[in-house]
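Close look at the chain arrangement
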Amino acid sequence: MGEEPLLEVRDLSVTFKVPGGTVHAVNGLDLHVSPGEVLGVVGESGCGKSVTALALLGLLPPTGRVVEGTAWFKGRDLFRLSRSELRQIRGRDISMVFQDPLTSLHPGMRVGAQVAEALEVHDSSLSRRAAAQRAVELLDLVGIPDAALRANDHPHLWSGGMRQRAMIAMAIANKPALIIADEPTTALDVTVQAQILDVLGDIRQETGAALILITHDLGVVAEVCDRVVVVYGGRGVETASVHDLFGDPRHPYTSGLLAAVPRIDGPLRLHDPIPGHPPTLLDNPTGCVFADRCSRRAGRDRCVTECPELRPMDQPGHRAACHFAEEALSERR
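The rules behind these values
Residues numbered from 1 in each chain as written. Predicted model: local features only at pLDDT ≥ 70, side-chain atom pairs only at ≥ 80, totals over all residues. Heavy atoms only, no water. Salt bridge = Lys/Arg side-chain N within 4 Å of Asp/Glu carboxyl O. Axes fitted to C-alpha atoms, helices over the stretch in contact; angles between N-to-C directions. Helix = DSSP H or I, 4+ residues; strand = E, 2+ residues; numbered from the N terminus. Parallel < 35°, antiparallel > 145°, perpendicular 65-115°, else oblique. Left-handed = near helix turned anticlockwise from the far one by under 90°. Contact = heavy atoms within 4.5 Å. Pairing = 2+ DSSP bridges. Disulfide = S-S within 2.5 Å. Buried < 20%, exposed > 50% of the residue type's maximum accessible area, 1.4 Å probe, protein only. Polar contact = N/O pair within 3.5 Å; in protein donor to acceptor, adjacent residues only side chain to side chain. Phe/Tyr/Trp six-rings, centres within 6.5 Å; stacked < 30°, edge-to-face > 60°. Core = buried A, V, L, I, M, F, W, Y, C linked by side-chain atoms within 4.5 Å. Nonpolar A, V, L, I, M, F, W, Y, C, P; charged D, E, K, R; others polar.

1. A few points about the pattern of salt bridges
Applying the stated criterion across every chain yields a total of 15 salt bridges. Salt bridges linked by common partners bring Glu8, Arg10 and Asp30 together as one network.

Below is the structure:
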């Protein structure tokens, strides 16, 4: 897409103070998303995906802080806004679907009231009755059966899939320009996962909102995303269109993730896991964050002494942070 980015994050670094020292949870991450685009942010647990989303919305816990970076959204740097300015944007211009709807919904409030509250916070002229009516309409829009009746339920009476739909209803209540969905299908069965993805797709088509989808599920990415950012150890290691990433991965971590996905269009085979363990992030490595697990390292000192930059590959918009990204071509021959 040739449009001006709706959100552009540059060199984001987030740290956490812990008893053992400082955790470098996000380290120089870049990403951008255009209006109406679906961007997938992919990586294993603990790589910094969710922390990035929380940092953008000013929701980091007290031990965490943004130490570097910018996040330009509609001409304003989110990291330079006051708390009150962020509260105006959060839930109105940018909304978030959190990973666990059971802990995100208030157990003592009726579901409809929680959706209505999302409306009332950003529109003081809206009457309580009008907000309640609109909440029912939103619950109906995301596929809640008998929405007018079920709006009076407390969250514990709803299934995981229904609670996630309620979170989506809250997220779209004020017609935001950007929705961030953090692992929206986690802990749901396959059928419900497909339904939730369909709801998100329908909402995006109807509202024109851009979507950042945080996930570790490459199948979900292949189905719904336009572009992908692969994150490892707090760093962006590859970014490309979905077509280029799946067809021509250049970073060894991306290749390892794709190799671990079961396929039904070929012979049955065992899948080799990526060797080793993710970094602790207590230390900020001087070289490549993936070096300890990488098959391409093989005696090359450069991998442990020099941090690779995201650099352009053959296809437009395709970048990879690997000193030896060209070797991916020979590996597949």
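2. Side note on the packing of helix H4 (residues 111–122) against helix H7 (residues 160–172)
Viewed as axis vectors pointing N to C, H4 and H7 meet at an angle of 20 degrees, and their least axial separation amounts to 8 Å. When the axes of H4 and H7 are compared, the pair comes out roughly parallel. When you trace H4 past H7, the crossing you get is right-handed. Every residue of H7 that contacts H4 at Val111, Gln114, Val115 and Ala118 is listed here: Ala166, Ala169 and Met170.

3. A closer look at the sheet that holds strand E2 (residues 21–33)
Pairing within the open sheet is antiparallel, and its four strands lie in the order E2-E1-E4-E5. Only two strands of the sheet have a single partner each, and these edge strands are E2 and strand E5 (76–77). In the sheet, strand E1 (residues 7–18) pairs with E2 via 10 bridges, with the strands oriented antiparallel. Bridge pairing in E2 places Ser13 opposite Asn27. Packing of helix H1 (residues 49–56) onto the sheet brings it into contact with E1, E2 and strand E4 (64–73), and relative to E1 it is tilted by some 105 degrees.

4. Some points on the state of the cysteines
Inspection of the entire model under this criterion finds zero disulfides. Among the cysteines around Cys303, which has no disulfide bond, Cys294 carries the closest sulfur, lying 6.1 Å off.

5. Description of the side chain of Asp248
Within the secondary structure, Asp248 sits in the loop between helix H10 (242–247) and helix H11 (252–259). For Asp248, a relative accessible area of 16% corresponds to the buried category. A distance of 3.1 Å separates a polar atom in the side chain of Asp248 from a polar atom in the side chain of Arg250.

6. Some details on the packing of aromatic side chains
Counting across every chain of the model gives three aromatic pairs. With centroids separated by 5.0 Å and ring planes inclined at 90 degrees, the aromatic side chains of Tyr232 and Phe290 adopt a geometry described as edge-to-face. On the criterion of sequence distance, the pair formed by Tyr232 in strand E9 (residues 227–232) and Phe290 in the loop between H11 and helix H12 (302–305) is long-range, its members being 58 residues apart. By relative accessible area, Phe290 is classed as buried at 2%. A network of ring pairs unites the aromatic residues Tyr232, Tyr253 and Phe290 as a single cluster.

7. Some thoughts on H1
Buried residues dominate H1, accounting for six of its eight residues. Looking one or two residues past H1, Gly58 carries a phi angle of roughly 70 degrees, positive in sign.

8. Considerations on the nonpolar core
Ranked by size, the top nonpolar core spans 63 residues in total, and within it Leu139 and Ile168 carry the most contacts. Here this core gets seven residues from one element, more than from any other, and that element is H7. For Ile168, the contacting residues outside a window of four places in its chain are Val97, Val142, Ile196, Val199, Leu200 and Ile203. Core analysis: the next-biggest nonpolar cluster, separate from the first, contains 38 residues, Leu7, Cys47, Ala55 and Ile94 among them.

9. Regarding the packing of H4 against helix H5 (residues 128–141)
Two elements in contact, H4 and H5, have axes separated by 8 Å at closest approach and are oriented at 115 degrees. Classed by the angle they form, the pair H4 and H5 counts as roughly perpendicular. For the element pair H4 and H5, the recorded crossing hand is right-handed. Counted together, Val111, Gly112, Val115, Ala116, Leu119 and Glu120 of H4 and Arg128, Ala131, Ala132, Arg134, Ala135, Leu138 and Leu139 of H5 form the full contact between these two elements. Among the residues forming the contact of H4 with H5, the class breakdown is nine nonpolar, one polar and three charged.

10. Looking at unusual backbone geometry
A positive phi angle, near 50 degrees, is found at Asp146, a position not held by glycine. Position of Asp146 relative to the elements: it lies in the loop between H5 and helix H6 (147–150). Residue Asp146 is classed as exposed on the basis of its relative accessible area of 58%.

11. Brief notes about the pairing of strand E3 (residues 38–42)
Across the five residues that make up E3, a large majority, five, are buried. Alternating residues of E3 divide into Val38, Gly40 and Val42 and Leu39 and Val41, and every residue in both groups is buried. Pairing between E3 and strand E8 (residues 210–215): five bridges, direction parallel. By the bridge assignment for E8, Leu39 is matched with Ile212. With four bridges connecting them, E3 and E9 associate as parallel partners. Residue pairing in the sheet places Val42 in a bridge with Val230 of E9.

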